[in-house]
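Structural features, examined
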Amino acid sequence: MDKLRSLEIFLATCDGGSFATAARACNTDPSTVSKAIGRLEAQLELTLFQRSTRQLRITTAGQRYADTVRKMVQDLSACEEELQHLNDSPSGTLRISTAVCYGHLYLRPLLRAFCLRYPDIKLELEINDLHVDIIDNDIDIALRTGYIKDSRLIARRLSPMDFLICASPQYLKAYGTPKSRDDFHQHQWIGFRIKETQQLQPVFLPNQQGDYEHFDISRSHITDDGEAMAHMCADGLGFAQLPHFLAKQGLESGELVSLYPYFRPPQPDNGVFAIYPKREFLPVKVKIFIEFMTTSLTAIGESTNHTWAENWPSIIDFRH
């Protein structure tokens with residue numbers, strides 16, 4: 001049995017937790033799996049699995065070996081895919097994980113054009129606001145607002161995340177437009193509760209110099225769904241500080257107006273990021289998807305350091 005086949009059986013045993021499960025995954029029998037693991041252990045002079053009558057448990061050395069082998073196999077697969085498709089149309093399954101609002105409002109409308117351009121790529125789209133482990137979950141690329149530092153991953157910023165304080169025209173007609181920061185205390189606010197932390201997203205308002213500062217304000221209404229927040233604002237339930245991709249549709253339709261110029265948090269992890277495993281050979285399907293997203297965002301005025309929100313008109317001038 002060649003070494004690569006033995007390593008495939010080893011990974012299948014790690015993932016399946018038993019020789020029988022690994023045998024089914026590799027289309028062989030448990031005795032063959034047991035012999036392959038035994039040969040690996042003899043070559044390495046290490047115990048990769050602790051065996052008992054009831055369970056098979058990977059050792060610390062086995063886990064370290066598995067991490068290295070898995071990366072090697074992934075890199076080899078990516079390299080083969082890249083070489084195979086140098087002159088062919090990209091193909092295969094592309095597994096995408098995306099934040100809920102960004103996925104619905106920005107990504108989903110682009111998918112038809114992507115599929116028409118690359119008809120041999122099949123999409124698997126996972127939508128949630130949790131920072132899932134994309135390596136353990138076999139995700140090719142994740143689109144996230146912000147990122148978690150992980151040496152195994154590359155985080156490429158697609159755009160900043162700019163915030164706009166919005167209200168509906170009917171709300172302003174009924175309750176008036178604030179003349180100063182203090183006036184905001186007299187108005188209703190819609191708050192956003194972050195699901196992972198259960199904390200309310202802070203609100204920032206500019207001072208007289210135009211520098212944004214944290215503004216302590218009570219919320220009349222609270223939701224943990226971004227699209228619901230934007231709709232509640234458009235329905236006249238109060239002010240909301242919305243990310244640019246949530247505010248865009250309402251502003252363009254006239255259902256919302258922007259009170260102040262945009263606010264951009266200064267933290268380096270602010271923005272919308274394409275996140276994918278660090279590999280020596282980036283799979284072609286991932287490469288062309290990132291290029292497609294970059295081109296599509298450029299068409300609506302967004303890039304690594306800019307969004308359309310920078311030029312959106314506001315109805316309050318903080319300098320007067």
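Here, every reference points to the structure presented above.
Keep in mind that this is a model prediction, so the values were computed, not measured.

It is worth spelling out helix H9 (residues 284-299) at this point. Its 16 residues place the ends of H9 23 Å apart at the C-alpha level, agreeing with the 22 Å of an ideal helix rising 1.5 Å per residue. Along H9, the positions that sit buried rather than exposed are Val 284, Lys 285, Val 286, Ile 288, Phe 289, Ile 290, Phe 292, Met 293, Ser 296 and Leu 297. Backbone geometry just after H9 places Gly 301 at a positive phi near 85°.

With that out of the way, let us pick up the packing of aromatic side chains. If you walk through the whole model with that rule in mind, you get 20 aromatic pairs. Seen in terms of ring centroids, Phe 114 and Phe 292 are 5.2 Å apart; in terms of plane orientation they differ by 65°. Their pairing is edge-to-face. Here Phe 114, found in helix H5 (residues 100-117), pairs with Phe 292, found in helix H9; they are 178 residues apart in sequence, far enough to count as distant. Of the two residues examined, Phe 114 and Phe 292, each falls in the buried class. Each ring, one from Tyr 171 and one from Tyr 175, has its centre 4.6 Å from the other, and the planes form 35°; the classification is tilted. Remark: Tyr 175 and Tyr 171 occur in helix H6 (residues 169-175); sequence separation between them is four residues, near one turn of the helix. What makes Tyr 175 exposed here is its relative accessible area of 51%.

With that settled, consider the layout of surface pockets. For the largest pocket, the calculated volume is near 1000 Å³. Around the largest pocket, the lining is made up of 37 residues, and of these Thr 145, Met 161, Phe 163, Ile 194 and Gln 201 lie nearest the centre. If you list the elements that add at least two residues to the lining of the largest pocket, you get H5, strand E5 (141-145), helix H7 (226-234), strand E12 (240-243) and helix H8 (244-253). In terms of residue count, the dominant contributor to the lining of the largest pocket is H5 (three residues). Its volume calculated, the second largest pocket comes out at about 680 Å³. For the second largest pocket, the lining is made up of 24 residues, of which Arg 70, Gln 74, Ile 135, Asp 138 and Arg 279 are closest to its centre. Of all elements in the fold, only helix H1 (3-16), helix H4 (60-84) and strand E3 (92-98) reach the threshold of two or more residues within the lining of the second largest pocket. Ranked by residues supplied to the lining of the second largest pocket, first place goes to H4 with nine residues. When grouped by side-chain class, the residues that make up the lining of the second largest pocket number six nonpolar, five polar and 13 charged.

Criteria and cut-off values
- Residues numbered from 1 in each chain as written.
- Predicted model: local features only at pLDDT ≥ 70, side-chain atom pairs only at ≥ 80, totals over all residues.
- Heavy atoms only, no water.
- Helix = DSSP H or I, 4+ residues; strand = E, 2+ residues; numbered from the N terminus.
- Expected span 1.5 Å × (residues − 1).
- Buried < 20%, exposed > 50% of the residue type's maximum accessible area, 1.4 Å probe, protein only.
- Phe/Tyr/Trp six-rings, centres within 6.5 Å; stacked < 30°, edge-to-face > 60°.
- 1 Å grid on protein atoms, 1.4 Å probe; cavity = no way out; pocket = protein on both sides within 12 Å on 5 of 7 lines; lining within 4 Å.
- Points joined across faces, edges and corners; volume = space filled by probe spheres on them.
- Nonpolar A, V, L, I, M, F, W, Y, C, P; charged D, E, K, R; others polar.

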